[in-house]
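Observations on chain architecture
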Amino acid sequence: MAEDLTKAALDYHRFPTPGKLEVSPTKNMVNQRDLALAYSPGVAAASLAIAENPQLAAEYTTRSNLVAVISNGTAVLGLGSIGALASKPVMEGKAVLFKKFAGVNAFDIEVDTLDVDRFVDAVSLLEPTFGGINLEDIKAPECFEVEKRLKAKMKIPVFHDDQHGTAICVAAAIRNGLRVAGKNLSDIKLVCSGAGAAAIACLNLLVEMGLKKENVTVNDRFGIIYKGRVEEMNPYNSAYAIETDARTLDDVMDGVDVFLGLSAPRVLKQEHVKKMAANPLILALANPEPEIRPELVYEVRTDAIVATGRSDYPNQVNNVLCFPFLFRGALDVGATEINEAMKIAVVEAIADLATKEASDVVVSAYGGSAFKFGRDYLIPKPFDPRLMTIIPPRVAKAAMETGVATRPIQDFEEYGRQLESFVFRSGMVMKPLFDLAKQNLKRVVFAEGESQRVINAVQILVDDKICKPILIGDPTSIEQNIKSYGLRLKVGEDVEIIDPRANPHYQKHKKTYYELMARSGVTPAYAKRVIASRNTALAGIMVRCGDADAMLCGVEGNYASHLRHLHDVIGVQQGLNDFAALTLLIMKKGTYFLTDTHVNIDPSPQQLADQTALAAQFIRGFGIEPKAALLSFSNFGSRESEQARKMRKALAILRDKHPELLVDGEMHADAALSQEIRDRLFPNSAFSGEANLLVCPTLEAANITYNMTKMLADGMPVGPILLGTNYPAHILTESTTVRGIVNMAAVASVDAQLHAKNQ
């Protein structure tokens, strides 16, 4: 390992606190009552319930979402038998991956013994604590015996990831490699270099899926595994011993379709590759140095398809594609084991996912490169969020179909939404708007149609049938971007393009803009230039003329400049002084709406009342009853200042004009979010519980709050949502993600539906 990487890795593990894990409580423990419920005497109720019905442990404890990552340190990565204590950083890392990728809680446990009996006894006694066991970095052949005996003794999933996680990912890569090569698994000839735990598990799974055992040849450091060989043989590799006179890898490579390497660096030579069949599939998975480097393969075989275990080459075969999501599905149905059907379900899910275009999260994580199924993209990348939404349901169904699920899922549609909400966190909150948008597809025009983020978002919008997208921009650039990003959008069918320089409705749009702006000093010549060069103005005019139903802009450029164009072409609703911007923040603690985050610098009491009423109306579209708090540094009259009085006047206007609205103030933010604090200060508040609509006195306060909360509390923003427009229009920001664009397209679509209804 390079010296700078070594130092960085050590610093990463040491600072700011040693290690990579901590225990974080999921319940409050801030007073005597909390303590009484969490421990004595209240905890006795949960214990007695479980004693009477052990299945209730899944409801009253973390067991149903808790996995043990267990090793004795005898085969750690490429480091060998370094011992249980030295394996702890690796096991901690594995536990972090469980949590990061699938929301599975995991404890690392290092068992300091080389004795199989003692190891099995120690692990099997942990069954009451965990919902699953992930064995890790245990050397062969002991690992086979350990897993076999633990599976027999325990009624929870026991999974040796070095064996089966590798096997699942390898099988997915082979499945898709054969798709590209135009071959069938049942027909191929395969040579495997390596006969350890991972290699044998790969072969066993492939045979289960249809690979003919007689078409498999295995080679290890002693040569070909043949019947009668005595060197380093055991019951597991003996299953692949064949009748043959061949003794070396060179003897068996003629006409081979697949080379599977789980062995040692540089064992596969260019001469071997030359002998392989047409379109050979080579999985050189030794790490960090593979059995052969891809560039050496391509020097002698341009038709080869190559995968490695390294992240700096295409087609990385990485276990993180598998184990978090496999356990997610197994835990969610209370599976008693992970069987072959569940493993094959994961293989098929991973392989199928790779045939779809890579998501924006993947593109971002890998330097902006787009991925498209083929020779250089056989399996998904580890950061693909769809792994979470596709694999667990298939695992759960396989567990249920094979009779190993103790808590079968009743509603898979709801289960899918729960999984999606983990990935995007906006899934559950946005669902009502997505459902409405799908009922009546509206035409949404995107001002920055050439943007990578916009085009990736449009692919999702088309796939999910949320709207009919229109892109403004150069058609050649847009079509080239669609191709380079590996998307499936068909211009004219899935998406419409409007070229500002060849706009079929140019005369109408120019005339409309001029008529709107003629009394503001705009000449016909200037109107011509604006419609041909200002995409935001063109998008607004298209909506105004009925050539689109709603618009989105702002992914590129200054918010204020976009706002000026919308003032000109969209206009403020009659009776209002200005637009207002509402931002939705989805956090672990809950869902909150914040206004005005982007438009009014110092709103008047009337403007505050208007934006609160507009925001409340919008919030009801989510199926949420708004509870509005007018925020201030003053608490129910505790301080006198112009700003505090402004909030009191806004409250008076709201109570007069909107008596149905649950609103109170002026108040501190902590009082708004805590019933206990509010009762202590002002027990007669207009609403109970916590506020979900937080109205700030100034743009400065709202924008600072929004950005700080987004970063410090890991808030997921949706918006800004522009309120008070004459026509459906919204301005995004340059930091808006693809998922944010998708969310706002749904918002714009529903806006368009409501606008049409009102008209």
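Refer to the structure presented above.
To start, this report covers the structure provided alongside it. (Residues numbered from 1 in each chain as written. Predicted model: local features only at pLDDT ≥ 70, side-chain atom pairs only at ≥ 80, totals over all residues. Heavy atoms only, no water.)

1. Digging into the overall build of the protein chain
Per the secondary structure count, the protein chain includes 29 helices and 21 strands. For a compact globule of 759 residues, the expected C-alpha radius of gyration is about 27 Å, and the protein chain comes in at 31 Å, within 12% of that figure. C-alpha atoms of the protein chain, sized along the principal axes, occupy 95 × 75 × 50 Å. Taking the contacts inside the protein chain whose residues are at least 6 apart along the sequence as the reference set, 70% of them involve residues at least 24 apart. Within the structure as shown, the protein chain displays about 33,900 Å² of accessible surface, and the carbon and sulfur contribution to it stands at 52%. Each charge sign in the protein chain was given a centre, from 82 positive and 90 negative side chains, and these centres are 4 Å apart. (Helix = DSSP H or I, 4+ residues; strand = E, 2+ residues; numbered from the N terminus. Rg over C-alpha atoms; globule rule 2.2 N^0.38 Å. Contact = heavy atoms within 4.5 Å. Areas by Shrake-Rupley, 256 points an atom, 1.4 Å probe, with all protein chains shown as cover. Lys, Arg positive; Asp, Glu negative; His and termini not counted. Charge placed at Lys NZ, Arg CZ, Asp CG, Glu CD.)

2. What to know about the pairing of strand β17 (residues 627-631)
Along β17, four of the five residues are buried, which leaves the element largely enclosed by surrounding structure. Two strands pair when backbone bridges link them, and β17 and strand β18 (residues 662-667) are joined in this way by five bridges, in the parallel orientation. If you follow K627 over to β18, its bridge partner there is L662. Read from β17 through helix α25 (residues 642-657) to β18, the crossover connection turns out right-handed. Relative to strand β19 (residues 693-695), β17 is paired through three bridges, and the arrangement is parallel. Each residue of the ladder has a partner; that of L630, found in β19, is V695. (Buried < 20%, exposed > 50% of the residue type's maximum accessible area, 1.4 Å probe, protein only. Pairing = 2+ DSSP bridges. Right-handed = clockwise from strand over helix to strand, strands pointing away.)

3. Observations concerning the packing of helix α8 (residues 161-181) against helix α13 (residues 340-354)
The interhelical angle for the contact between α8 and α13, taken along N-to-C directions, is 45°, at an axis separation of 9 Å. As far as their axial angle goes, α13 and α8 are oblique. Considering the relative orientation of α8 and α13, their crossing is right-handed. Within the contact between the two elements, α8 uses H164, I168, A171, A172, R175, N176 and R179 and α13 uses K343, V346, V347, E348, I350, A351, D352 and A354. For the contact of α8 with α13, a count of residues per class yields eight nonpolar, two polar and five charged. (Axes fitted to C-alpha atoms, helices over the stretch in contact; angles between N-to-C directions. Parallel < 35°, antiparallel > 145°, perpendicular 65-115°, else oblique. Left-handed = near helix turned anticlockwise from the far one by under 90°. Nonpolar A, V, L, I, M, F, W, Y, C, P; charged D, E, K, R; others polar.)

4. Some thoughts on the sheet that holds β19
If you trace the six strands from one edge of the open sheet to the other, you get β18-β17-β19-β16-β15-β20, paired in mixed fashion. Looking at strand neighbours, the two that pair on one side only are β18 and β20 (716-723), the edges of this open sheet. Shown here is a sheet whose adjacent strand axes are inclined to one another by a mean of 20°, direction ignored. Against the sheet, helix α24 (residues 605-620) makes contact with β15 (580-586), β16 (591-595), β17, β19 and β20, and its axis sits at roughly 165° relative to β19, the strand it touches most.

5. Details of helix α20 (residues 506-517)
For α20, which comprises 12 residues, the first-to-last C-alpha distance of 16 Å matches the rise-based estimate of 16 Å (1.5 Å per residue) to within 8%. Looking at α20, one finds that the buried residues are Y506, H509, T512, Y513 and M517. Down the axis of α20, the buried side of the element spans an arc of 140°, and every buried residue falls inside it. In α20, those exposed residues whose orientation departs by more than 90 degrees from the buried face are Q507 and K511. Taken together, the buried residues of α20 touch α21 (524-533), α22 (535-545) and α23 (559-569). (Expected span 1.5 Å × (residues − 1). Arc of directions from axis to C-beta.)

6. Considering the nonpolar core
One finds I133, I174, L190 and L283 to be the most contacted residues of the largest nonpolar core, which totals 102 residues. It is α8 that provides the largest number of residues to this core, a total of 10 residues. (Core = buried A, V, L, I, M, F, W, Y, C linked by side-chain atoms within 4.5 Å.)

7. Description of the packing of helix α6 (residues 116-124) against helix α7 (residues 142-153)
Packing of α6 against α7 leaves a shortest axis separation of 10 Å and a crossing angle of 35°. Between α6 and α7 the crossing geometry is right-handed. Taking contact as the criterion, the partners of V116, D117, F119, V120, D121, V123 and S124 in α6 are, on α7, E142, E145, V146, R149, L150 and K153. Counted by class, the contact of α6 with α7 contains six nonpolar, one polar and six charged residues.

8. Observations regarding the packing of aromatic side chains
Across all of its chains, the model carries eight aromatic pairs by this definition. Both rings, one in F144 and one in Y236, keep their centres 4.2 Å apart while their planes meet at 20°; by these two values the pair is stacked. Taken together, the positions of F144 in helix α7 and Y236 in the loop between β7 (223-224) and β8 (258-261) put the pair 92 residues apart, joining distant regions of the chain. Three or more aromatic residues joined by ring pairs form one cluster here, namely F98, F159, F323 and F327. The ring of Y240 has K213 lying over it, and the distance from NZ or CZ to the ring centre is 5.0 Å. Here the guanidinium or amino end of R247 rests over the ring plane of Y226, the centre of that ring lying 3.6 Å away. (Phe/Tyr/Trp six-rings, centres within 6.5 Å; stacked < 30°, edge-to-face > 60°. Lys NZ or Arg CZ within 6 Å of the ring centre and 35° of its normal.)

9. Points about the environment of V320
The residue V320 is located in the loop between β10 (305-308) and α12 (323-332) in this model. Distance in space between the C-alpha atoms of V320 and D161 is 9.7 Å, their sequence separation being 159 residues. With residues up to four places along the chain from it excluded, the contact list for V320 reads L97, F101, F325 and P382.

10. Observations regarding the state of the cysteines
Taken as a whole and judged by the stated rule, the model has zero disulfides. C467 provides the cysteine sulfur closest to C553, a residue in no disulfide bond, and the two sulfurs are 15 Å apart. On the basis of relative accessibility, which here comes to 1%, the residue C553 falls in the buried class. (Disulfide = S-S within 2.5 Å.)

11. A few points about the pairing of β15
β15 sits mainly inside the fold: seven of its seven residues count as buried. Both faces of β15 are covered, namely the face carrying A580, L582, L584 and I586 and the face carrying A581, T583 and L585. Pairing of β15 with β20 involves six bridges; the strand directions are antiparallel. Pairing of L585 across the sheet is with P717, part of β20. The pairing of β15 with β16 spans five bridges and is antiparallel. Considered in β16, the bridge of L585 is made with Y592.

12. Section: the sheet that holds strand β5 (residues 190-193)
The mixed open sheet is built from six strands, whose spatial order is β7-β6-β5-β8-β9-β10. In the strand order of this sheet, the two ends are held by β7 and β10, each with one partner. One ladder, built from four bridges, connects strand β9 (residues 281-284) with β10; its direction is parallel. Bridge pairing links L283 to A307 in β10. The strands touched by α8 within the sheet are β5, β8, β9 and β10, with β9 carrying the most contacts at an inclination of about 155°.

13. Details of helix α18 (residues 452-463)
Under the 1.5 Å per step criterion, the end-to-end length of α18 is 17 Å for 12 residues, consistent within 8% with the ideal 16 Å. Summarising burial for α18: nine of the 12 residues are buried, a large majority. Those residues of α18 lying buried are V454, I455, N456, A457, V458, Q459, I460, L461 and V462. The opening residue of α18 is S451, an N-cap whose side-chain oxygen sits 3.2 Å from the backbone nitrogen of R453. (Polar contact = N/O pair within 3.5 Å; in protein donor to acceptor, adjacent residues only side chain to side chain.)

14. A short note on the pattern of salt bridges
Applying the stated criterion across every chain, the model contains 35 salt bridges. A salt bridge links D11 to R14; the shortest N-O distance between them is 3.5 Å. With D11 and R14 both in helix α1 (residues 3-14) and three residues apart, this pair spans about one turn of that helix. Residues E289 and R266 are paired through a salt bridge, measuring 3.9 Å at the closest nitrogen-oxygen approach. Separated by 23 residues along the polypeptide, E289 in the loop between β9 and α11 (294-300) and R266 in the loop between β8 and α10 (270-275) bring together distant segments of the chain. Each of the salt bridges in this network shares a partner with another, and the network as a whole consists of E640, E642, R645, R648 and E666. (Salt bridge = Lys/Arg side-chain N within 4 Å of Asp/Glu carboxyl O.)

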